[in-house]
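This is what each chain is made of:
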Amino acid sequence: MFANVNVDLFYFFNHNFQNPIFDAIMPVVTHFGGFKVLVVVLIAIILYAHLKDKKTLKRIGILALVAFLCSDIVVAILKHLIREPRPFLTLDNVHLLITETDPLSFPSGHTSSTVSFVTFFVLNMKELAKKHYKIIDAALILFAVTIPFSRMYVGVHYPGDVLAGAVIGILGVWIVNRYKTRVRV
């Protein structure tokens, strides 16, 4: 039953939102949630904080990187243990908008990366941006919703993949955030 719901929801996201605007932007947007992009952003944040002597930002950036890497390691292990093929490899009539060379689908690495990145910063944003943290939080949360949606829209992930990726990202952050006071950076 879960498999049928997963497939039905995949087709819902992959077909029902089709429009020329999303067809143009989602293939670009989806890549912003990838490991390479987000690790570069995190390293840039850490380097900026180091150069500007912003100790709180540097500490939060390093801890976010740890949570991010932990989540992505779990994703990589699960992908190779479970070996679930991507929707476009097993289903007919998939609206595929990007080229994906990795045949493994579960869990979504882009979602895990994005959710761990966003969750860590949202949980710690008040400490960083005392005045405008709610606006920054809203923008980050919008990003964290857009990437999983884009992964289904472009045809490379099932809803179960992105849900699992989100849970892994949140758990990685929860663990690191729980013990952040014990870590000296």
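Residues numbered from 1 in each chain as written. Predicted model: local features only at pLDDT ≥ 70, side-chain atom pairs only at ≥ 80, totals over all residues. Heavy atoms only, no water.

> Explanation requested: helix 6 (residues 109-128) in the structure shown.
Quick reminder: α-helices carry 3.6 residues per turn. Residues three or four places apart thus point the same way. In a regular helix each residue adds 1.5 Å, so 20 residues correspond to 28 Å; helix 6 covers 27 Å between its end C-alpha atoms and thus fits that length. Of all the bends in helix 6, the greatest measures close to 40° and is centred on valine 122. Burial within helix 6 is extensive, with 15 of its 20 residues counted as buried. (Helix = DSSP H or I, 4+ residues; strand = E, 2+ residues; numbered from the N terminus. Expected span 1.5 Å × (residues − 1). Bend = angle between axes of the 7 residues up to and from the residue. Buried < 20%, exposed > 50% of the residue type's maximum accessible area, 1.4 Å probe, protein only.)

> Looking at this model, I keep getting lost on the packing of aromatic side chains. Mind explaining?
Any aromatic ring pair is given by two values, namely how distant the centres are and how the planes are angled relative to each other. This structure, assessed with the given rule, holds 12 aromatic pairs. Among the aromatic residues, those joined into a cluster by ring pairs are Phe12, Phe13, Phe17, Phe22, Phe149 and Tyr153. (Phe/Tyr/Trp six-rings, centres within 6.5 Å; stacked < 30°, edge-to-face > 60°.)

> Looking at this structure, I do not really get the nonpolar core. What am I missing?
Considering soluble globular proteins, one finds that nonpolar side chains tend to be buried as a cluster. Counting residues in each nonpolar core, the largest one holds 24 residues, and the members touching the most others are Leu42, Phe117, Phe120 and Phe121. At the level of secondary structure, the elements contributing two or more residues to this core comprise helix 3 (35-51), helix 4 (55-82), helix 6, helix 7 (133-153) and helix 8 (159-178). When residues of this core are assigned to their parent elements, the largest contribution, seven residues, is made by helix 4. The contacts of phenylalanine 117, once residues within four sequence positions are left out, are Leu38, Val41, Leu42 and Leu140. In terms of nonpolar packing, the next biggest core, distinct from the first, is built from six residues, Met26, Ile98, Tyr153 and Val156 among them. (Core = buried A, V, L, I, M, F, W, Y, C linked by side-chain atoms within 4.5 Å. Contact = heavy atoms within 4.5 Å.)

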